[in-house]
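Notes for the structure review
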Amino acid sequence: MSERAAPAYCPYCGEEDLRPEEGGPRWWSCRGCRRVFEVSFVGLLAPGGSGLEDTDDAED
Ligand SMILES: [Zn+2]
């Protein structure tokens, strides 16, 4: 596997000093606010560019 993508900024405080965190494959910790968060894929934008594309499990 190639190097995983890294978030550029903390989504909570904007700090750039993020490190991969033990405990989850996509966990990152922020040195600025000490939060640990997960970066996860949600879906793709609809062709128009606003909102998520409909998926089979979206409705329920
Ligand atoms: Zn932060």
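Our structure is the block above this text.
Residues numbered from 1 in each chain as written. Predicted model: local features only at pLDDT ≥ 70, side-chain atom pairs only at ≥ 80, totals over all residues.

1. Regarding the sheet that holds strand S1 (residues 18-20)
The three strands lie next to each other as S1-S2-S3, forming an open sheet whose pairing is antiparallel. The sheet is open, and its two borders are formed by S1 and strand S3 (36-38), each paired with just one other strand. Each strand axis lies, on average, 35 degrees off the axis of its neighbour in the sheet, ignoring direction. Bridge analysis of strand S2 (residues 27-30) against S3 gives three bridges, and the strand direction is antiparallel. Its bridge partner being in S3, Trp27 is matched across the sheet by Glu38. (Pairing = 2+ DSSP bridges. Helix = DSSP H or I, 4+ residues; strand = E, 2+ residues; numbered from the N terminus. Axes fitted to C-alpha atoms, helices over the stretch in contact; angles between N-to-C directions.)

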